[in-house]
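Secondary and tertiary structure notes
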Amino acid sequence: MSHLLVVMGVSGSGKSTVGAALSQRLRVPFADADDFHPEANIAKMARGEALDDADRWPWLEEIGRWLAEHEASGRGGVMSCSALRRKYRDQLRHHAPATTFVLLEGARAVIERRQASRPGHFMPASLLTSQFATLEPLEPDEDGVVLDVDQSVDAIVQGYVDAVDGRSR
Ligand SMILES: Nc1ncnc2c1ncn2[C@@H]1O[C@H](COP(=O)(O)OP(=O)(O)OP(=O)(O)O)[C@@H](O)[C@H]1O
Ligand SMILES: O=C(O)[C@H](O)[C@@H](O)[C@H](O)[C@H](O)CO
């Protein structure tokens, strides 16, 4: 099977940027979970209110369906999706058990600086506190790779390739 990945992390950690680069490097389809949000979720975040489990549940179901289709077809794929909590990742794995989670991890200061330099995005910087508070790191029994965001996009992509190579040796 081709690579089937969810690139995860808090808002501004680089999920969209790194996810797109990984999909090109691995030659698999790419999707961004931000494009799957219902209007109400986008409006809520834009008002400065964090999403709750009930807001995220139907959205994660859509993402799970995308992953399941790409797993079943054997095409693989990269989905950029915050997937902050363990139970959200369990929900996605329920649809697509072969999913590997790639956590983009970084200090708040680095991520804040990046968020500040992309004006016009619907996600206000004020929600970063709740994003970090909600984030549950990958647990040892989860198929995953953790990568430091404080390096170039190319280096992050290479970090994934090296981690996966190291496993298959
Ligand atoms: N490794 C990197 N080095 C430098 N800048 C980066 C890197 N990764 C991402 N960026 C920049 O940081 C900003 C946030 O990245 P991006 O939009 O990909 O994050 P995100 O996690 O998808 O955010 P959100 O979930 O809020 O949509 C963008 O302006 C992007 O160009
Ligand atoms: O679970 C969440 O709270 C959401 O997915 C957010 O993380 C945003 O969609 C995204 O990151 C946009 O900035």
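Residues numbered from 1 in each chain as written. Chains lettered and ligands numbered in written order. Predicted model: local features only at pLDDT ≥ 70, side-chain atom pairs only at ≥ 80, totals over all residues. Heavy atoms only, no water.

Some words on helix H3 (residues 53-72)
Taking 1.5 Å of rise per residue, 20 residues should cover 28 Å, and H3 covers 27 Å from first to last C-alpha, within 8% of that figure. When H3 is considered as a whole, its buried residues turn out to be Asp 55, Arg 56, Trp 59, Leu 60, Glu 61, Ile 63, Gly 64, Trp 66, Leu 67 and His 70. (Helix = DSSP H or I, 4+ residues; strand = E, 2+ residues; numbered from the N terminus. Expected span 1.5 Å × (residues − 1). Buried < 20%, exposed > 50% of the residue type's maximum accessible area, 1.4 Å probe, protein only.)

Points about the pattern of salt bridges
Per the stated rule, a full pass over the model turns up 15 salt bridges. The shortest N-O distance in the salt bridge between Arg 47 and Glu 49 comes to 2.9 Å. Here Asp 53 and Lys 87 are joined by a salt bridge, their closest N and O atoms 2.8 Å apart. Of this pair, Asp 53 sits in helix H3 while Lys 87 sits in helix H4 (residues 86-95), placing them 34 residues apart in sequence. (Salt bridge = Lys/Arg side-chain N within 4 Å of Asp/Glu carboxyl O.)

Structural notes on the nonpolar core
Ranked by size, the top nonpolar core spans 22 residues in total, and within it Leu 5, Leu 22, Leu 104, Leu 147 and Tyr 160 carry the most contacts. For this core, the elements supplying multiple residues, two or more each, are strand S1 (4-8), helix H1 (15-26), strand S4 (100-105), helix H5 (108-116), strand S5 (144-148) and helix H7 (153-168). Of all the elements, H7 adds the most residues to this core, at five residues. Not counting chain neighbours up to four residues away, the residues in contact with Tyr 160 comprise His 3, Leu 5, Leu 22, Leu 26, Val 102, Val 145 and Leu 147. (Core = buried A, V, L, I, M, F, W, Y, C linked by side-chain atoms within 4.5 Å. Contact = heavy atoms within 4.5 Å.)

Describing the site of ligand 1
Lining the immediate surroundings of ligand 1 are 17 residues, of which Ser 11, Lys 15, Ser 16, Thr 17 and Arg 118 lie closest. Here an oxygen atom of ligand 1 sits 2.7 Å away from a polar atom, N or O, in the side chain of Ser 11. Gln 151 places a polar main-chain atom, nitrogen or oxygen, 2.8 Å from a nitrogen atom of ligand 1. Here ligand 1 has 630 Å² of accessible area as a free molecule, and 78% of this is covered by the chains. Those elements that place two or more of their residues in the shell around ligand 1 are H1 and H7. The leading source of residues in the shell around ligand 1 is H1, at three residues. Classifying every residue of the shell around ligand 1 gives four nonpolar, nine polar and four charged. (Near = heavy atom within 4 Å. Polar contact = N/O pair within 3.5 Å; in protein donor to acceptor, adjacent residues only side chain to side chain. Areas by Shrake-Rupley, 256 points an atom, 1.4 Å probe, with all protein chains shown as cover. Nonpolar A, V, L, I, M, F, W, Y, C, P; charged D, E, K, R; others polar.)

Comments concerning the pairing of S4
Counting buried positions along S4 gives five out of six residues, so the element sits mostly inside the fold. Across four bridges, the pairing between S1 and S4 is parallel. Within S4, the residue paired with Leu 5 across the bridge is Thr 100. The sheet contact formed by S4 and S5 spans five bridges and is parallel. Along S5, the bridge assignment pairs Leu 103 with Val 146. (Pairing = 2+ DSSP bridges.)

What to know about the site of ligand 2
Taken together, the neighbourhood of ligand 2 is formed by Ser 11, Lys 15, Asp 34, His 37, Met 45, Arg 56, Trp 59, Ser 82, His 121, Phe 122, Met 123 and Gln 131. Within the side chain of Lys 15, a nitrogen or oxygen atom sits 3.4 Å from an oxygen atom of ligand 2. Within the contact set of ligand 2, an oxygen atom lies 2.9 Å away from a side-chain nitrogen or oxygen of Gln 131. Computed on the free molecule, ligand 2 has an accessible area of 330 Å², of which 97% lies beneath the protein chains in the complex. Each residue belonging to the shell around ligand 2 can be placed in one class, and the counts come to four nonpolar, five polar and three charged.

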